[in-house]
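Structural description and commentary
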Amino acid sequence: MKRRACSLLGALVLGCSFVAAARAAFSISVLPATVTSSAVTLNGVDQTSTFAATITVSGAVNTGWNITAWAPLPTSGSNTLGTLVVPSQPTLGACSGGGCSLPTPTGITWPVTVGTTAGGATKIYNADVSTGKGTNTVNVTFNIPVLASALPGTYTTTLTVIGSNSGP
Amino acid sequence: MIDATPRRLAIFGALLVLVAAPAAHATNNGPVFGLRALGNPTRGYFFYNVVPGATHGGAIIVSNTGNRTGTVKLYPADATTGRTTGTVYLTNGRIRRFGAWVKLARRSLTLAPGAHAQVNFTVRVPASAKPGQWVAGVVAEAAARAQGPRVKHKANVRIRIRNLTIVAVQVNVPGTPTFGFKIGPVRTAGQRGYQQVLVHFASTGNQLTKPAGVVRIFASKGRLLETLPFTMDTFLPQTAIDYPMFLTKALPPGHYRAAVRLDIRGVAGGGAGPTRKSVVADAMFTVTRNDVKQAFTSSKQTAPPASDGSGSSARTWALYATGAVGALLLALVVFQLGRRRERSG
């Protein structure tokens, strides 16, 4: 009886640890999937169009993590706008999950100009070693410069947001 | 007389879809794919020592922590040094460097919410591979992406957001470690009130490094104007960047000299190791009137759209518009039905 209880407990612990291990996978999700920046009425002076995105980072280990981003210049036909900029340090929501901790960014100075090619991807936020554990939400505001010379139109671009455990 | 019931049902169905679809979209955040480096719980990424001509096997665990079934694309990617240093991945589909060493057993997976699967891969180091610390990545990208509303204004930007999760694969090919850097031209850049100095750095060694250093800016007559110390994140071997540093005081148009010192430190235990070598260089650069104008143009900041948790204000407007169109269609159907009744009566 005792043996059966022990083996049942063992199986339960094993099962729970497998589920926990599966859940510990590092992931990011970004909302919304599509967004339209604030409309700008062209008036002959330089302006800024803005939009916000919420990045949820889950399953980070002790090594910390990085969020990098790149986006081609917004285009409308042959017309283009300026490079996306993260003007200030993103804000954080409360962390969740057992033993969670808020991320402490390191080595980034805002404003950060987002690269326009995959090779020019730029770190927009990160978590130093031993920080940012559990699930964290990072609220990022992006600015798009609309110069005085910009032409009217609906411009489009694709923002690629990449999450990774702090690697080599 | 033709029976109108199927048509009515079709119209009702269409209306239902029209009204229900945006509501469903507003609450659905879809599949979320995570990656875990199997067998590397503390480091969180793969770290292999492989001799030229040999193959090493590994596996990732792919999981869906979202609330919808979805398909994830899996592919290898090259790594390089990001503009502000640190490892970044070339996720535009073209593999030219060490990403080509990684072969995944599966290129896509469909996973239900809460499900996970193991995907094996191999790292084959070519016989001609040179010694060094080389980095690639394994990428998980959601194959299906939600589409948002399209709106028209005078000048706005519609942004589609891709989100990728990547796990690094570091391959150490044994041999003599070398630490080297070339310091190239210096120039200034900047926009919207910020002036930067950009220094070109190129790694000529074969090791991952975390360099630090200092840039001193002198006026043409030799007076020290600014001292800019910096500490870099990981710099990948055989890569080059124009490293940006913010100037604390704006430089007016003129000629300047930059004295650059770079202390090359290897990567040890996630941080920087001791200095292996120092490189110094002097570079002349010019700030033009146009450079200053570009950095310090007047601008009026506009407030970001209010966050309601479901996206942009444009989406809210689109929902209103959809509702209005739906109501209009409904009124049209009721009007048509009324007319038919009148005719048959």
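Residues numbered from 1 in each chain as written. Chains lettered and ligands numbered in written order. Predicted model: local features only at pLDDT ≥ 70, side-chain atom pairs only at ≥ 80, totals over all residues.

**Here we look at the overall build of chain A**
The cut-off we apply is this: Every helix listed is a DSSP run of H or I at least four residues long, and every strand listed is a run of E at least two residues long, numbered separately from the N terminus. The burial label depends on the number of other C-beta atoms within 10 Å of a residue's C-beta. Counts of 20 or more mean buried, 12 or fewer mean exposed, and intermediate counts mean partly exposed, with C-beta atoms placed from the backbone. Residue pairs qualify as contacts under a 7 Å threshold applied to their C-beta atoms, which are placed from the backbone.
Within chain A, the regular secondary structure consists of 1 helix and 12 strands. Secondary structure elements of chain A occur, N-terminal to C-terminal, as α-β-β-β-β-β-β-β-β-β-β-β-β. When the 168 residues of chain A are sorted by exposure, 47% land in the buried category. Counted over contacts in chain A with a minimum sequence separation of 6, partners at least 24 positions apart contribute 81%.

**Topic: the overall build of chain B**
When helices and strands are counted, chain B shows 3 helices and 17 strands. Looking at chain B as a whole, 34% of its 345 residues qualify as buried.

**Remarks on the interface of chain B and chain A**
Applied cut-off: Residue polarity is assigned by list, with Asp, Glu, Lys and Arg as charged and Ala, Val, Leu, Ile, Met, Phe, Trp, Tyr, Cys and Pro as nonpolar; anything else, Gly included, falls into the polar class. Pairing between two strands is assigned when DSSP locates at least 2 bridges connecting them.
If you look at the interface, chain B gives 73 residues, while chain A gives 71 residues. Taken together, the elements giving at least two residues each to the side of chain B that touches chain A come down to strand S1 (33-37), strand S3 (55-64), strand S5 (87-90) and strand S10 (155-173) of chain B. No other element matches the 15 residues that S10 of chain B contributes to the side of chain B that touches chain A. Looking at the side of chain B that touches chain A residue by residue, the classes come out as 27 nonpolar, 34 polar and 12 charged. Relative to S1 of chain B, strand S1 (residues 26-31) of chain A runs antiparallel, the two being bridged by 2 bridges. In the sheet register, Phe26 of chain A faces S1 of chain B, and the bridge partner there is Leu35 of chain B.

**A few points about unusual backbone geometry**
Going from Leu31 of chain A to Pro32 of chain A, the amide bond is cis rather than trans, its omega being -5 degrees. The peptide bond linking Trp110 of chain A to Pro111 of chain A adopts the cis configuration, its omega dihedral lying at 5 degrees. Positive phi, normally seen in glycine, also occurs at Ser130 of chain A, with a value near 70 degrees. Within the secondary structure, Ser130 of chain A sits in the loop between strand S10 (122-127) and strand S11 (134-146). Its 12 C-beta neighbours within 10 Å are what place Ser130 of chain A among the exposed residues. At Gln238 of chain B, a residue that is not glycine, the phi angle is positive and equals roughly 60 degrees. With respect to the helices and strands, the residue Gln238 of chain B is situated in the loop between strand S14 (224-231) and strand S15 (240-246). C-beta crowding within 10 Å serves as the criterion here: with 15 such atoms nearby, Gln238 of chain B is assigned to the partly exposed category.

**Thoughts on the environment of Thr122 of chain A**
Its place among the elements puts Thr122 of chain A in strand S10. Under the C-beta neighbour-count criterion, Thr122 of chain A is labelled buried, with 24 such atoms within 10 Å. Thr122 of chain A sits 26 residues away from Ser96 of chain A along the chain, and the two C-alpha atoms are 27 Å apart. With sequence-adjacent residues up to four places away left out, Thr122 of chain A is seen in contact with Thr68, Ala69, Trp70, Val112, Thr113, Val114 and Gly115 of chain A together with Gly82, Arg83 and Thr84 of chain B.

**Brief notes about the pairing of strand S13 (residues 212-219) of chain B**
Residues and elements named next belong to chain B. Relative to S14, S13 is paired through 7 bridges, and the arrangement is antiparallel. Directly across from Arg216, in S14, lies its bridge partner Thr227. Hairpin connection from S13 to S14: 4 residues lie between these consecutive antiparallel strands, with Gly222 at a positive phi of about 100 degrees.

**Describing the nonpolar core**
Stated formally: For our purposes the nonpolar core covers buried Ala, Val, Leu, Ile, Met, Phe, Trp, Tyr and Cys residues that link as a set through C-beta atoms within 7 Å.
Counting residues in each nonpolar core, the largest one holds 84 residues, and the members touching the most others are Ala53 and Ala69 of chain A. It is S10 of chain B that provides the largest number of residues to this core, a total of 11 residues. Each residue touching Ala53 of chain A, except ones within four places of it in the same chain, is listed here: Val30, Leu31, Val35, Val140 and Phe142 of chain A together with Ile161 of chain B.

**A closer look at the pairing of strand S3 (residues 47-60) of chain A**
Each regular strand shows side chains that alternate between the opposite faces of the sheet. All names here are of chain A. Of all 14 residues that make up S3, 12 are buried, and the element is covered over most of its length. Note that S1 and S3 share 5 bridges and pair antiparallel. In the sheet register, Val30 faces S3, and the bridge partner there is Ile55. One ladder, built from 12 bridges, connects S3 with S11; its direction is antiparallel. Bridge pairing in S11 places Ile55 opposite Val138.

**Focus on the sheet that holds S13 of chain B**
Residue and element names in this part refer to chain B. Heads up, the rule is: Angles here are taken between N-to-C directions and fall from 0 to 180 degrees, while the axes themselves are lines fitted to C-alpha atoms, restricted in helices to the stretch in contact.
Spatially, S14-S13-S16-S17 is the arrangement adopted by the 4 strands of the open sheet, whose pairing is antiparallel. The strands lining the two open edges of the sheet, one partner per strand, are S14 and strand S17 (271-287). The mean angle between the axes of side-by-side strands here comes to 10 degrees, regardless of whether they run parallel or antiparallel. By the bridge criterion, 8 bridges tie S13 to strand S16 (residues 254-268) in an arrangement that is antiparallel.

**Considering the confidence of the model for chain B**
Residues and elements named next belong to chain B. What counts, and what does not: Every residue gets a pLDDT, meaning the predictor's confidence in that residue, from 0 to 100.
For chain B, per-residue confidence averages 80 on the pLDDT scale, and residues scoring 70 or more make up 74% of the total. Low pLDDT, under 50, characterises residues 146-153; the stretch is placed with 21 contacts to residues that sit more than four places away or in other chains. Within the model, the stretch residues 298-322 combines pLDDT values under 50 with 48 contacts to residues more than four positions away or in other chains. What the predictor reports for the complex is a pTM of 0.77 with an ipTM of 0.84.

**Topic: the confidence of the model for chain A**
The predicted model of chain A has a mean per-residue pLDDT of 85, with 86% of residues at 70 or higher. Within the model, pLDDT remains below 50 along residues 9-23 of chain A, and this stretch shows 5 contacts once partners closer than five positions in the same chain are excluded.

**Concerning the environment of Leu147 of chain A**
In this fold, Leu147 of chain A is placed in the loop between S11 and strand S12 (153-165). Those residues in contact with Leu147 of chain A that lie beyond four places of it in its chain are Asp46 and Gly82 of chain A.

**Comments concerning the environment of Gln196 of chain B**
Residue and element names in this part refer to chain B. Tracing the backbone through its elements, the reader meets Gln196 in strand S12 (residues 194-203). Residue Gln196 is classed as partly exposed on the basis of its C-beta count, with 17 C-beta atoms lying within 10 Å. Taking C-alpha positions, Gln196 is 13 Å from Thr288, a pair spaced 92 residues apart along the chain. Non-local contacts of Gln196, meaning those with residues more than four positions away in its chain, are made with Thr188, Ala189, Gly190, Pro244, Met245, Phe246 and Leu247.

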